Amino acid sequence: MPQFPRLEHMEQYQGLKFSNSRRATTLPDDPRLARLNHWAWVFAQLGLAPSHSGGAYGNQSCRTGPESFLITRAGMQPAEEFQPENYCHVVSFSEEQSCFITEGVHPPSSESYLHYRLYQALPAITAILHGHCPPLNDYAGQLAIPVTPCFQPYGTRELAEDALALVKASGSPFFILCQHGFVALGEDIDSAGHLALDSLVRLIRMLKDSSPFSSTPGKL
C-alpha cells in the first residue's frame with residue numbers, strides 16, 4: 001500500500017496569481033450560497049478539503065451567468081454556519097489585465113481561473129467543487145478516474161486548460177488534477193458533491209476489500 005503524501009508537503013501556497021478589482025462589498029441574494037457552504041463544510045469534515053492555518057485545501061463555486069460565479073474566498077475557513085464574508089462573486093475577468101472584477105469583502109479563491117475557464121467553456125455545468133484527497137490521487141487508476149497529463153502550478157492558465165482538455169476528451173464530470181486534487185462538475189451543487197462522495201466511498205470499499213485484515217461480517 002502506498003504511503004500517502006501529507007497535504008502540507010504538497011505544492012506550497014504562494015498567494016493569488018491574478019489581480020482583483022472590487023466593485024461592491026455585498027453579494028447577490030442567492031439561496032444557493034447556503035448549499036455551497038454546506039458542501040464546503042462537509043468536504044472539510046470528511047478530509048476532502050481539509051482546513052489549514054491559511055484557509056482550506058479546496059474551493060467551491062456555483063454559476064450565476066455565462067462567465068460569472070459565486071466562489072469561496074481566498075483563505076476561507078469552512079464554517080458550519082453560512083457567513084457571507086466567506087464568499088465572493090466573480091462578475092467578469094479581463095484576460096488582458098489578468099484581473100477579476102468581483103463583489104464581496106475579500107478576493108476570490110486562488111483557483112478562480114480554473115472555475116472561470118470551465119464555466120466559460122462548459123455551459124451545461126452550474127457547480128464546481130474542488131478538493132484535495134491524496135488517496136484519491138494515488139488510486140485514480142484503480143478507480144478509473146481520469147487524470148490530467150502532468151503537474152501544473154495552482155491558479156495558472158495551464159492548469160485550467162489541462163482540466164478543460166481532459167473533460168472534453170473523457171466526458172467525465174469527476175477527475176484528478178495531476179499531483180494536485182480532484183474536481184467535481186455538476187448540473188447543480190448537490191450532484192457535484194455526490195460525485196465526490198461516491199468516489200470517496202468507492203475508494204474506502206476498495207481499500208477495505210484489499211486489506212489483509214478484512215473479514216466476513218459477523219466472523220472473527
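Our structure's up above, just so we're on the same page.
The paragraphs below set out a description of the structure included in this document. Computed from a predicted structure; not experimentally measured. (Residues numbered from 1 in each chain as written. Predicted model: local features only at pLDDT ≥ 70, side-chain atom pairs only at ≥ 80, totals over all residues. Heavy atoms only, no water.)

### Quick notes on the side chain of Thr156
Examined against the element boundaries, Thr156 turns out to sit in the loop between helix H3 (134-138) and helix H4 (157-170). For Thr156, the side chain forms a polar contact with the main-chain oxygen of Pro153, separated by 2.7 Å. Setting aside its immediate chain neighbours within four residues, Thr156 contacts Lys17 and Tyr113. (Helix = DSSP H or I, 4+ residues; strand = E, 2+ residues; numbered from the N terminus. Polar contact = N/O pair within 3.5 Å; in protein donor to acceptor, adjacent residues only side chain to side chain. Contact = heavy atoms within 4.5 Å.)

### What about the pairing of strand S7 (residues 99-103)?
Of all five residues in S7, four are buried; the element is thus mostly enclosed. With five bridges joining them, strand S1 (residues 19-24) and S7 adopt parallel strand pairing. In the sheet register, Asn20 faces S7, and the bridge partner there is Phe100. (Buried < 20%, exposed > 50% of the residue type's maximum accessible area, 1.4 Å probe, protein only. Pairing = 2+ DSSP bridges.)

### Points about the pattern of salt bridges
Throughout the structure, instances matching the rule amount to five salt bridges. The partner of Glu95 in a salt bridge is Arg157, with the nearest N and O atoms 2.4 Å apart. Residue Glu95 is found in the loop between strand S6 (87-94) and S7, and its partner Arg157 is found in helix H4; the two are separated by 62 residues along the sequence. (Salt bridge = Lys/Arg side-chain N within 4 Å of Asp/Glu carboxyl O.)

### Here's the deal with the side chain of Asp162
Relative to the helices and strands, Asp162 resides in helix H4. Buried charge Asp162 goes without a salt bridge, the closest partner of opposite sign being Arg117 at 11 Å. When residues no more than four places from it in sequence are discounted, the contact partners of Asp162 are Thr148, Pro149, Cys150 and Gln152. (Lys, Arg positive; Asp, Glu negative; His and termini not counted.)

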